[in-house]
Amino acid sequence: MGERVMQEARVIPLRSPGQRRRMNRSVPSPVDSRPPVDPTPLRPAPEPTGVQQQLANAIGFLRKRLTGDYAVDEFGFDEQLTENVILPPLRMIYEKWFRVEAIGTENLPADGGALIVSNHSGTLPLDSVMTGIAVHDNTSPNRYLRMLGADLVFQVPVLGALARKTGQTLACGADAERLLTAGELVGVWPEGFKGVGKSFKDRYKLQRFGRGGFVSAALRTGVPIIPVSVVGAEEIYPKIGDIKPLARLLGFPYFPVTPTFPLLGPLGAVPLPSKWYIEFGEPIRTDRHDPADADDPMIVFNLSDQVRETIQQTLYRRLGQRPGIFRG
Amino acid sequence: MTPKVVLVTGAGGYVGAHLAARLAANPDIERVLGVDTAPPAKDLLKTMGRAEFVRADIRNPLIAKVISSARVDTVVHAATTANPPGPARRTAIKEMNVIGTMQLLAACQRSPQLRKLVVKSTAAVYGAGARVPAVCSEDMAPKDISSGGYAKDAVEVEGYVRGFTRRRPDVRVTTMRLTNMIGPGIDTVLTRYFALPVVPTVLGYDARVQLLHPEDALAVLERATTTDLPGVYNVGGDGVLTLSQAIRRAGRVGVPVPRVAMPTAARVFRNARVVDFSDDQIQFLNYGRVVDTTRLKQDFGFTPRWSTRQAFDDYVHGRGLRPVLDPGRLAALENRIRRTDG
């Protein structure tokens, strides 16, 4: 019956050769009046072997890098470099050294903006880097976590440039809202240096959350806030002391003393291999609020406290469940 | 409202002269006057058509006489420079920027026929530094402005323009903040910088650079002159190049210089009379600057034809800069490996 319908409608069929033959008999299509032209036979390209393919790809990559043939977004994010050069070694640390377990990744949206708010710890902010990998590797298509950093990060040579190239930007309302409006996942650590540089005895105690600028940014753009709790990062460099005069001299927020640093010199820079858990909590919606609420300190502080409490409770729960600092 | 008589300051320079030429080509405009202390170069003068060149100094109160006697109704202030291409006397440029603007605005204020003022400003007013947001929009306050450079002049000039807007609310004032211009025909600090055989960069930093093709700069200034769109607008091409990327695209070799040694390096280039690095130029090479052009596109109704990358590539081709490493050879090698039978 389908055939008859097609004949009546005189649709040039694409289905089966039988159909086509019948069709040609009844209605000679204008295509048939032309001499049949076969496509130029192409020699089938030999399948390059794996090594060759890789070599060619490597040269292609090198050529693009050397001639500046790659795209950088307005924040300076160089996706090609991040994906191919920066992420692979960090992923090794993620998988082999810290054996990170990402939990609740289904709470990461597949598209659209979201603000990821996490606790901060570890003397050096490795927790943000690992969270970035957890986000990238547990979303499909892979999404990049665009982190907001203190201005100090961008003042430091090499680090500042690397931070920009991997998609990070200055922690300020303008940049945060711009990224969120563009539908990016934005990471923020509201404790700042107070969190990352707290001493070992205060581990897993959330510090003050600042002025709640991150809540204002989320309210203005109406994106959800995803609370993230990182367990394991506190133990990588246990900060047992702080040489304040040296920190002041160098312009650092603190100069850490750990059991291995500065005692063992550069060897002290190797983090202890603690087992990490990164838990992504349920998104807290902000689109039910009015964007004008971003200027209402009461609402901002309430939301900020809600996020803080959620992270703190999750931290305690995870700590109670973990079998050991290094085990797992 | 199409203006009747337009006065363009800085007509001896690239932007001023070309803008005067463009306006002179518009039959609705009765008269175009170009003002500068020195006449434009011969080839520029030829393109200016019926535009008249008046040799006058805007730092001199006599400029008021020019404006009133010609019954000027629109003034385009294109004489300020935030980044002079070559070595120049700091005080002379500062005087032209600041005193020139003050005198010009004083003359404008006393002119009853004046209806419109267009100011060519610069995106340098946002400053450059670690504390400056990644993308600057029009209502952001300047941050990290160096005290020794010309960006400070631009901030002061815009301050005077705001004062003028308050005192003469009947005059429509349009301020265009242009990003760094680059193109084959124009001589700017960046065209000289990228043409250096070895390009000094700040060690450990990679600035984000947003560029503007001179054609777009002229088109946008012409539109600001012939239409009534008061306000402040950022002007820049779409997209961003990092400094290292731009150097590679131009086929140059970048030489990283530690930040502390940068002023010394700048002095060497300055003394060799090659290119002028002011303090804010070094800051720019350090951190770069990107502006938000949403307002330009939506409210002003202008989308730059050249993206940052296209403007830069046009400059590279126009100047005939040859890359050190031929990308064609690498591409050929890549293809050969892909093709060879296993």
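Residues numbered from 1 in each chain as written. Chains lettered and ligands numbered in written order. Predicted model: local features only at pLDDT ≥ 70, side-chain atom pairs only at ≥ 80, totals over all residues. Heavy atoms only, no water.

Here's the deal with the overall build of chain B
- Within chain B, the regular secondary structure consists of 13 helices and 14 strands.
- The C-alpha radius of gyration of chain B comes to 21 Å, within 12% of the 20 Å expected for a compact globule of 342 residues.
- Among the 342 residues that make up chain B, the fraction classed as buried is 56%.
- By sequence separation, contacts in chain B at least 24 residues apart represent 80% of the contacts at least 6 residues apart.
- For chain B, the exposed area adds up to about 13900 Å²; of that, 53% sits on carbon and sulfur atoms.
- Distance between charge centres in chain B, computed from 47 positive and 32 negative side chains, equals 3 Å. (Helix = DSSP H or I, 4+ residues; strand = E, 2+ residues; numbered from the N terminus. Rg over C-alpha atoms; globule rule 2.2 N^0.38 Å. Buried < 20%, exposed > 50% of the residue type's maximum accessible area, 1.4 Å probe, protein only. Contact = heavy atoms within 4.5 Å. Areas by Shrake-Rupley, 256 points an atom, 1.4 Å probe, with all protein chains shown as cover. Lys, Arg positive; Asp, Glu negative; His and termini not counted. Charge placed at Lys NZ, Arg CZ, Asp CG, Glu CD.)

Comments concerning the pairing of strand S5 (residues 185-188) of chain A
Residues and elements named next belong to chain A.
- Burial of the side chains of S5 extends over both faces: Leu185 and Gly187 are buried on one face and Val186 and Val188 on the other.
- Pairing of strand S2 (residues 114-118) with S5, which is carried by four bridges, proceeds in the parallel orientation. Each residue of the ladder has a partner; that of Ile116, found in S5, is Gly187.
- Here three bridges tie strand S3 (residues 145-149) to S5, and the two strands are oriented parallel to one another. Bridge pairing links Met147 to Gly187 in S5. (Pairing = 2+ DSSP bridges.)

Examining the packing of helix H4 (residues 90-109) of chain B against helix H5 (residues 151-167) of chain B
Residues and elements named next belong to chain B.
- Where H4 contacts H5, the axes come no closer than 10 Å and their chain directions differ by 5 degrees. Here H4 lies roughly parallel to H5, going by the angle between them. Contact with H4, carried on its side by Arg90, Lys94, Asn97, Val98, Thr101, Met102, Leu105, Cys108 and Gln109, involves Lys152, Asp153, Glu156, Val157, Tyr160, Val161, Phe164 and Arg167 of H5 and no other residues of that element.
- Of the residues in the contact of H4 with H5, the class split is eight nonpolar, three polar and six charged. (Axes fitted to C-alpha atoms, helices over the stretch in contact; angles between N-to-C directions. Parallel < 35°, antiparallel > 145°, perpendicular 65-115°, else oblique. Nonpolar A, V, L, I, M, F, W, Y, C, P; charged D, E, K, R; others polar.)

With respect to the nonpolar core
- Within the largest apolar cluster, 39 residues are counted, with the highest numbers of intra-cluster contacts made by Ile182(B), Tyr193(B), Phe194(B), Leu243(B), Phe277(B), Leu285(B) and Phe312(B).
- Setting aside anything within four residues of it in sequence, one finds Phe194(B) in contact with Ile182(B), Leu243(B), Ala246(B), Ile247(B), Arg252(B), Phe312(B), Tyr315(B) and Leu321(B).
- Ranked by size, the runner-up nonpolar core spans 33 residues in total, among them Val117(A), Phe214(A), Val231(A) and Ile311(A). (Core = buried A, V, L, I, M, F, W, Y, C linked by side-chain atoms within 4.5 Å.)

A look at the interface of chain B and chain A
- Facing 35 residues of chain B, the contacting portion of chain A comprises 39 residues.
- Surface buried jointly by chain B and chain A totals about 3000 Å² across both partners, of which 56% is contributed by carbon and sulfur atoms.
- When the area that chain B buries against chain A is broken down by residue, the three leading residues are Arg248(B), Ile337(B) and Arg338(B), summing to 19%.
- Here chain B is connected to chain A by four salt bridges.
- Put simply, Asp69(A) and Arg309(B) hold a salt bridge, and the shortest N to O gap is 3.7 Å. (Buried area = accessible area lost by both parts, 1.4 Å probe. Salt bridge = Lys/Arg side-chain N within 4 Å of Asp/Glu carboxyl O.)

A short note on helix H10 (residues 279-287) of chain B
- Most of H10(B) is tucked away: seven of the nine residues are buried.
- Buried within H10(B) we find Asp280(B), Gln281(B), Ile282(B), Phe284(B), Leu285(B), Asn286(B) and Tyr287(B).

Re the domain arrangement of chain A
All names here are of chain A.
- Here chain A is partitioned into domain 1 (79-235 + 274-321) and domain 2 (237-270).
- Using C-alpha coordinates to define each centre, domain 1 is positioned 25 Å away from domain 2.
- In this complex, domain 1 contributes 14 residues to the contact, which on the side of domain 2 involves eight residues.
- Counting each side, the surface lost to burial between domain 1 and domain 2 is near 950 Å², with a carbon and sulfur contribution of 64%.
- Considering only the surface of domain 1 that becomes buried against domain 2, Thr123, Gly197 and Phe200 emerge as the three largest contributors, covering 44% of it.
- The interface formed by domain 1 and domain 2 holds zero salt bridges in total.
- Counting every contact that joins domain 1 to domain 2 gives four residue pairs in polar contact (both at pLDDT 80 or more).
- Among the residues forming the side of domain 1 that touches domain 2, the class breakdown is seven nonpolar, four polar and three charged. (Domains from an automatic or database assignment. Polar contact = N/O pair within 3.5 Å; in protein donor to acceptor, adjacent residues only side chain to side chain.)

Some words on the side chain of Thr286(A)
Residues and elements named next belong to chain A.
- Along the chain, Thr286 turns up in the loop between strand S9 (277-280) and helix H13 (297-321).
- A distance of 3.4 Å separates a polar side-chain atom of Thr286 from the backbone oxygen of Ala218.
- Ignoring sequence-local partners within four residues, the contact set of Thr286 consists of Ala218, Leu219, Gly222, Val223, Pro224 and Ile225.

Observations concerning the packing of aromatic side chains
- Counted by the stated rule, this structure contains 11 aromatic pairs over all chains.
- Here the aromatic rings of Phe269(B) and Phe277(B) are separated by 6.0 Å at their centres, their planes lie at 80 degrees, and the arrangement is edge-to-face.
- Judged by relative accessible area, Phe269(B) falls into the buried class, the value being 18%.
- Here the aromatic cluster, defined as three or more aromatic residues joined through ring pairs, consists of Tyr193(B), Phe194(B), Phe269(B), Phe277(B), Phe312(B) and Tyr315(B).
- The cationic tip of Arg203(A) hangs over the ring face of Phe200(A); the distance from NZ or CZ to the ring centre is 4.1 Å.
- One residue, Lys275(A), lies across the ring of Tyr277(A), its end atom 5.5 Å from the ring centre. (Phe/Tyr/Trp six-rings, centres within 6.5 Å; stacked < 30°, edge-to-face > 60°. Lys NZ or Arg CZ within 6 Å of the ring centre and 35° of its normal.)

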